[in-house]
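Here is what each chain is made of, one letter per residue.
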Amino acid sequence: MSDESELFGKGFENRKTVLGAAHVEKSWANADAFNRPVQRLVTEYCWGAVWGDETLPFKTRSMLNIAMLTAMNQHHELGVHVKGALNNGVTKDEIQAVLMQALVYCGAPAALAAFRTASAAIAAWDAEHDGGR
């Protein structure tokens, strides 16, 4: 990472806390001249300004993201944020409860797809974290 503003630095650290340092550093290292501006904007605004607002704890923000990404059928981002939610102390039971509520408000097809995505993300997270035992 070179650069930037204080907000970028805060966002970069928040992003690493939630999504994992390896994932974030790889995303930043792989950014090119075309997509680096959007990576910078997301890091500063989403992760620095919004996630940096201490009104809501990261755990709550993660649960909100799971619900919103389910509603929008954004499966790739949902998988990333399910792993981030686990990093933020959201339990598997809490993720399941969020997805059950999303089923009621977003519809069964969206929730069923989200359950499949979440199951795969949880298995990957478990393999990363339990694999060292």
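Residues numbered from 1 in each chain as written. Predicted model: local features only at pLDDT ≥ 70, side-chain atom pairs only at ≥ 80, totals over all residues. Heavy atoms only, no water.

J.: Teacher, can you tell me more about helix H7 (residues 108-130) here?
T.: For an α-helix the count is 3.6 residues per turn, leaving residues at separations of three or four pointing the same way. The terminal C-alpha atoms of H7 lie 31 Å apart, and with 23 residues this matches the ideal 33 Å at 1.5 Å per residue to within 8%. Those residues of H7 that sit buried are Ala110, Ala111, Ala113, Ala114, Thr117, Ala118, Ala121, Ile122, Trp125 and Asp126. (Helix = DSSP H or I, 4+ residues; strand = E, 2+ residues; numbered from the N terminus. Expected span 1.5 Å × (residues − 1). Buried < 20%, exposed > 50% of the residue type's maximum accessible area, 1.4 Å probe, protein only.)

J.: Looking at this structure, I do not really get the domain arrangement of the protein. What am I missing?
T.: As a measure of interface size, the accessible area lost when the parts come together is often cited. Under the domain assignment, the protein is made up of domain 1 (1-54) and domain 2 (55-132). The straight-line distance from the C-alpha centre of domain 1 to that of domain 2 is 21 Å. Facing the eleven residues of domain 1 at the interface are eleven residues of domain 2. Between domain 1 and domain 2 the total buried area reaches about 920 Å² when both faces are included, carbon and sulfur atoms providing 57% of it. Here domain 1 and domain 2 share zero salt bridges between them. (Domains from an automatic or database assignment. Contact = heavy atoms within 4.5 Å. Buried area = accessible area lost by both parts, 1.4 Å probe. Salt bridge = Lys/Arg side-chain N within 4 Å of Asp/Glu carboxyl O.)

J.: Honestly, the UniProt feature "domain: Carboxymuconolactone decarboxylase-like" (unreviewed entry) in the protein in this entry has me stumped. Any pointers?
T.: The positions UniProt marks with the feature "domain: Carboxymuconolactone decarboxylase-like" (unreviewed entry) are residues 38-118. Summarising residues 38-118: 81% helix, 0% strand, and an end-to-end C-alpha distance of 26 Å. (UniProt positions renumbered as here; feature names shortened; annotations may be inferred.)

J.: Can you walk me through the environment of Asn87 in this structure?
T.: Residue position: Asn87 is located in helix H5 (residues 75-87). Owing to a relative accessible area of 31%, Asn87 belongs among the partly exposed residues under this scheme. Through-space distance from the C-alpha of Asn87 to that of Trp125 is 8.9 Å; in sequence the pair is 38 residues apart. When neighbours within four sequence positions are excluded, Asn87 is seen to be in contact with Thr17, Val18, Leu19, Gly20, Trp125 and His129. Within the local environment of Asn87, its side chain forms a polar contact with the side chain of Trp125, the two groups lying 2.7 Å apart. (Polar contact = N/O pair within 3.5 Å; in protein donor to acceptor, adjacent residues only side chain to side chain.)

J.: Help me understand the packing of aromatic side chains in this model?
T.: Geometrically, a pair of aromatic rings is defined through the distance of the ring centres and the angle of the planes. Counted by the stated rule, this structure contains five aromatic pairs. Seen in terms of ring centroids, Phe8 and Phe12 are 5.7 Å apart; in terms of plane orientation they differ by 25°. Their pairing is stacked. Of this pair, Phe8 and Phe12 both sit in helix H1 (residues 6-19), four residues apart, roughly one helical turn. The buried category is assigned to Phe8, whose relative accessible area is 1%. Following the ring pairs from residue to residue traces out a cluster consisting of Phe8, Phe12 and Trp28. Taking NZ or CZ as reference, Arg36 lies 4.7 Å from the ring centre of Trp28, over its face. (Phe/Tyr/Trp six-rings, centres within 6.5 Å; stacked < 30°, edge-to-face > 60°. Lys NZ or Arg CZ within 6 Å of the ring centre and 35° of its normal.)

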